[in-house]
Amino acid sequence: MRRIYLDHAATTPTYPEVVKAMLPYFTDAFGNPSSIYSYGQEARGAVEEARTRVAELIGARSEEIIFTSGGTEADNYALEGVAYANERKGNHIITTSIEHHAVMGVCRFLERRGFRITRLPVDKYGLVDLQDVKRAITDKTILISVMHANNQVGTIEPVEEIGKIAREAGVYFHTDAVQTLGHVPVNVDKLKVDLLAISAHKFYGPKGVGALYVRKGTRLVSFMHGGEQEKRRRAGTENVPAIVGLGKAVEFAGQEMGKEAERLAYLRDKLIKGLVEKIDHIRLNGHPTRRLPNNVNVSVDFVEGESMLLNLDLEGICASTGSACSSAILEPSHVLLALGLPPEQAHGSLRFTLGRENTEADVERVLVVLPGIVAKLRAMSPLLKTPK
Ligand code: PLP
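No experiment lies behind these values; they were computed from the predicted model shown. (Residues numbered from 1 in each chain as written. Predicted model: local features only at pLDDT ≥ 70, side-chain atom pairs only at ≥ 80, totals over all residues. Heavy atoms only, no water.)

Asker: Honestly, the sheet that holds strand β10 (residues 295-300) in this entry has me stumped. Any pointers?
Answerer: Strand pairs in the sheet, formed through backbone hydrogen bonds, run parallel or antiparallel to each other. Overall, antiparallel pairing links the 3 strands, which are arranged β9-β10-β12 in an open sheet. Unpaired on one side and paired on the other, β9 (282-284) and β12 (349-353) mark the two borders of the sheet. Looking at each pair of strands side by side, their axes are set apart by 25 degrees on average, direction ignored. In terms of strand pairing, β10 meets β12 through 5 bridges, oriented antiparallel. Across the sheet, the residue bridging to V296 is F352, located in β12. Lying on the sheet, helix α8 (residues 240-278) is in contact with β9, β10 and β12; it crosses β10 at an angle near 15 degrees. Each of β10 and β12 touches helix α9 (residues 305-314); the most contacted strand, β12, lies at about 45 degrees to it. (Pairing = 2+ DSSP bridges. Helix = DSSP H or I, 4+ residues; strand = E, 2+ residues; numbered from the N terminus. Axes fitted to C-alpha atoms, helices over the stretch in contact; angles between N-to-C directions. Contact = heavy atoms within 4.5 Å.)

The following block contains the structure:
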């Protein structure tokens, strides 16, 4: 049975070309970038080339890029770094109720340490209201953190407009662009952000590496303390092969983005249309148009998301009920609850996220398999109150 992978928001397969680019840095070119002899300088050159590639893709300067161990660290660093460097100015941070755990977790951590966190609500599509952002700002606000696009429902937030508001108020602005890089254009000046997080494994790079963009002049404390690496902001010997892999993945993301996004959006719309036509009592979660080109998130009444997922797995189809990190927990998704879904609808959600290897045949296969699974589960469902 051919496996159909439809969970690219959780992670993507690493491109063979990316792996190939990484391999020499484990063996022949294994030097430490901090060593001044040629081995070291070869590795240093590779790290700096990757930095330039990341910077170029997002319209930044290379000295504004800090390599991290992934999206979680980049988000944690942005929030903690700004919070502790700007404590004298204020202790208030504005974020949303639909952020990834990487932002939510660090907000809770800072809250326990005396910072005040405002979590903005979203509308039924997952969009933040600009008036709410404006109203939440006080003279103690030091940072606004709003994700570029939501990892579960795919809604793309009005980041550019929020950036303008933050700038006018003299408040730093961070965005989590982990789900957008490679899918929609990400330019730090256009988005008016001071800090931006990315993660390589979401765009065909290796896991465990990412980057934080920090606009020049942003006050930020160091995240790791030790050596001089990353201008003393993130000490520790660089993960050279992973950074090289990130650089290579960024190169592909830049080359392929436009056409690939169009192809994925076509497949996405075909999948949404087909599901709505073939399954009763199903609805799309997230914004109908302002959404990631590869994201389909639906709620199916009278069935559990986990049951659908396991049955799809038996048919060789990989999907998700929420974000990867929470799919082991049987709690309704905080994002779907924030959109106003009742818990039973949130429990019946499924997310398909398309990627490079997917074809129209994959979409068609889901459209053949899922209606049967839903019918079977509904036939034995205690949740079914109004049989059709
Ligand atoms: N932010 C978002 C929006 C994500 O989707 C993820 C991963 O699922 C992360 C942050 C965390 O990134 P990483 O897995 O690289 O730590």
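Asker: What am I meant to see in a nonpolar patch on the surface here?
Answerer: On the surface, V19, L23 and F26 cluster together into a nonpolar patch covering about 280 Å² of accessible area. Along the polypeptide, V19 turns up in helix α1 (residues 16-22). (Patch = residues over 30% accessible without salt bridge, like charges linked within 9 Å, V, L, I, M, F, W, Y side chains within 5 Å. Areas by Shrake-Rupley, 256 points an atom, 1.4 Å probe, with all protein chains shown as cover. Salt bridge = Lys/Arg side-chain N within 4 Å of Asp/Glu carboxyl O.)

Asker: For this particular structure, what's the right way to read the sheet that holds strand β7 (residues 195-199)?
Answerer: Spatially, the 7 strands line up as an open sheet ordered β2-β8-β7-β6-β5-β3-β4, and their pairing is mixed. Here the strands that pair on one side only, and so sit at the sheet edges, are β2 (65-68) and β4 (116-120). Each strand of the sheet is rotated relative to its neighbour by a mean of 20 degrees, with strand direction disregarded. Across 4 bridges, β2 lies against strand β8 (residues 210-214) in antiparallel orientation. Opposite T68, over in β8, you have G210 as the bridge partner. Sheet strands touched by helix α2 (residues 38-58): β2, β7 and β8. Its angle to β2, the strand with the most contacts, is close to 115 degrees.

Asker: What am I meant to see in the packing of α9 against helix α12 (residues 360-379) here?
Answerer: What describes two packed helices is the angle between their axes and the distance between those same axes. Closest axis-to-axis distance for the α9/α12 pair is 10 Å, and the angle between their directions is 130 degrees. In terms of orientation, α9 and α12 fall into the oblique class. Seen along the crossing, α9 lies across α12 with a hand that is right-handed. Here S307, M308, N311 and L312 of α9 come into contact with α12, specifically with V369, L370, I373, V374, K376 and L377. (Parallel < 35°, antiparallel > 145°, perpendicular 65-115°, else oblique. Left-handed = near helix turned anticlockwise from the far one by under 90°.)

Asker: Quick question: what am I supposed to make of the site of the ligand here?
Answerer: Contacts to the ligand come from 13 residues, most closely from T72, D176, Q179, S199 and K202. At 2.8 Å from an oxygen atom of the ligand is found a side-chain nitrogen or oxygen belonging to Q179. In this structure, K202 approaches the ligand through a side-chain N or O atom, which is 2.6 Å from an oxygen atom. Against a free-state accessible area of 400 Å², the protein chains account for coverage of 88% of the ligand. It is helix α3 (residues 71-85) that provides the largest number of residues to the shell around the ligand, a total of 3 residues. Grouping the constituent residues of the shell around the ligand by class yields 2 nonpolar, 8 polar and 3 charged. (Near = heavy atom within 4 Å. Polar contact = N/O pair within 3.5 Å; in protein donor to acceptor, adjacent residues only side chain to side chain. Nonpolar A, V, L, I, M, F, W, Y, C, P; charged D, E, K, R; others polar.)

Asker: Can you help me understand the packing of aromatic side chains in this one?
Answerer: We describe a pair of aromatic rings using the distance from one ring centre to the other and the angle between the two ring planes. Applying the stated rule across the entire model yields 5 aromatic pairs. Centre to centre, the rings of Y15 and Y204 are 4.8 Å apart; their planes meet at 10 degrees, and the pair counts as stacked. Taken as a pair, Y15 in the loop between β1 (4-5) and α1 and Y204 in the loop between β7 and β8 lie far apart in primary sequence, 189 residues in all. On the basis of relative accessible area, Y15 is assigned to the buried category, the value being 7%. Taken together, Y15, Y204 and F252 form an aromatic cluster joined through their ring pairs. (Phe/Tyr/Trp six-rings, centres within 6.5 Å; stacked < 30°, edge-to-face > 60°. Buried < 20%, exposed > 50% of the residue type's maximum accessible area, 1.4 Å probe, protein only.)

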